[in-house]
Amino acid sequence: TQASDQIVFDQLPRLITLAERRIARELKIEGFIRAITTPLSKGVSTYLKPDRWRDTISMTVAGTPIQTRSYEYVRNYWPNEQDEGVPQFYADYDYANWLIAPTPNQATDGVALEILYYEQPALLGPNLQSNWLTEYAPELVLYASLLEATPFLKNDERVQLWQGLYDRCAQAFNGQDLGRILDRAAQRSEA
């Protein structure tokens, strides 16, 4: 409690934030997937990634998938951004932007670019008391928070316990999501 140990009490928000970030970094589960659409603009080849973006799953232009490639591949494939065409590829331009190639032309101006990506859930704080993790994975938040707190408390003998409980819970969520995955080309069903 605050009365028994003010120093630890003051660190709780930071430790919970570290736990939330650990979970988002280590797990790729359905609850972290977001879909957005943004219109393509003629002559624009770089597009801003959404806030809290972690990893891109896929992109489609008017329902047609475009392929992910390395930045170097995309630059080599379409070296002159002034040339335009129908987008075929995308790459991470930097942490905040994607590079699309070919640069969208008049035929794709205003056409929706649909992006599926993993996001960092909104972090808990004074103005946000619940999020996807607290609703659907409270035990994962608890074990990750305890795992983050243990080194701070210098309680090394408990690290293995919290790590084991966290790992088991994380594996359960990953396993649960594997049963829901669609191949995106063919739907699978369990026997």
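Residues numbered from 1 in each chain as written. Predicted model: local features only at pLDDT ≥ 70, side-chain atom pairs only at ≥ 80, totals over all residues. Heavy atoms only, no water.

1. Description of the overall build of the chain
We count it as follows: Counting from the N terminus, the helices are DSSP H or I runs at least four residues long and the strands are E runs at least two residues long. Put simply, the radius of gyration uses C-alpha atoms, and a globule should come to 2.2 Å times the residue count raised to 0.38. For the exposure calls, accessible area comes from a 1.4 Å probe over protein chains only, and a residue counts as buried if that area is under 20% of its type's maximum, exposed if over 50%, partly exposed in between. The contact rule is simple, with two residues in contact once any of their heavy atoms fall within 4.5 Å. Here the accessible surface of atoms and residues is derived via Shrake-Rupley with a 1.4 Å probe, and residues count as covered only by protein chains that are part of the display. Only four residue types enter the tally: Lys and Arg on the positive side, Asp and Glu on the negative side; His and the chain ends are excluded. A charged residue contributes its charge at one atom only: NZ of Lys, CZ of Arg, CG of Asp or CD of Glu.
Secondary structure assignment for the chain yields five helices and nine strands. Counting helices and strands in the order they occur from the N terminus, the chain gives α-β-β-β-β-α-β-β-β-β-β-α-α-α. Radius of gyration (C-alpha) of the chain: 21 Å, far over the 16 Å computed for a compact globule of 191 residues. Expressed as a percentage of its 191 residues, the buried residues of the chain come to 35%. Considering only contacts within the chain whose residues lie at least 6 apart along the sequence, 67% involve residues at least 24 apart. Counting only carbon and sulfur atoms, one obtains 51% of the accessible surface of the chain, whose full area is about 11600 Å². Where the 18 positive side-chain charges of the chain centre and where its 25 negative ones centre are 2 Å apart.

2. Side note on the pairing of strand β3 (residues 53-61)
Threshold: By this definition, two strands are paired if DSSP reports at least two bridges between them.
Pairing of β3 with strand β9 (residues 112-119) involves seven bridges; the strand directions are antiparallel. Of the residues in β9, the one forming a bridge with Trp-53 is Glu-119. Relative to strand β4 (residues 64-68), β3 runs antiparallel, the two sharing three bridges. Paired with Met-59 across the bridge in β4 is Ile-66.

3. Topic: the packing of aromatic side chains
Counted only if it meets this: Only the six-membered ring of Trp is used, alongside the rings of Phe and Tyr, when aromatic pairs are assigned; centres must lie within 6.5 Å, and planes under 30 degrees apart are stacked while those over 60 apart are edge-to-face, with the rest tilted. Two limits define a charge over a ring: the Lys NZ or Arg CZ must be within 6 Å of the ring centre, and within 35 degrees of the ring normal.
Within the structure shown, the criterion is met by nine aromatic pairs. Centre to centre, the rings of Tyr-73 and Tyr-77 are 6.4 Å apart; their planes meet at 5°, and the pair counts as stacked. Of this pair, Tyr-73 and Tyr-77 both sit in helix α2 (residues 71-77), separated by four residues, roughly a single helical turn. By relative accessible area, which is 38% here, Tyr-73 ends up partly exposed. Judged by relative accessible area, which is 36%, Tyr-77 ranks as partly exposed. Each residue in the set Tyr-73, Tyr-77, Trp-78 and Phe-89 is aromatic and connected to the rest through ring pairs, giving one cluster. Lying over the aromatic face of Tyr-166, Arg-22 brings its terminal NZ or CZ to 5.8 Å of the ring centre.

4. Overview of a nonpolar patch on the surface
Just so we agree on the cut-off: The patches reported here contain residues having more than 30% relative accessible area and no salt bridge. Joining distances are 9 Å for like charges and 5 Å for nonpolar side chains (Val, Leu, Ile, Met, Phe, Trp, Tyr). One side-chain nitrogen of Lys or Arg within 4 Å of one carboxyl oxygen of Asp or Glu is enough to make a salt bridge.
On the surface, a nonpolar cluster with roughly 220 Å² of combined accessible area is contributed by Phe-9, Leu-12 and Ile-16. On the basis of relative accessible area, Leu-12 is assigned to the partly exposed category, the value being 36%.

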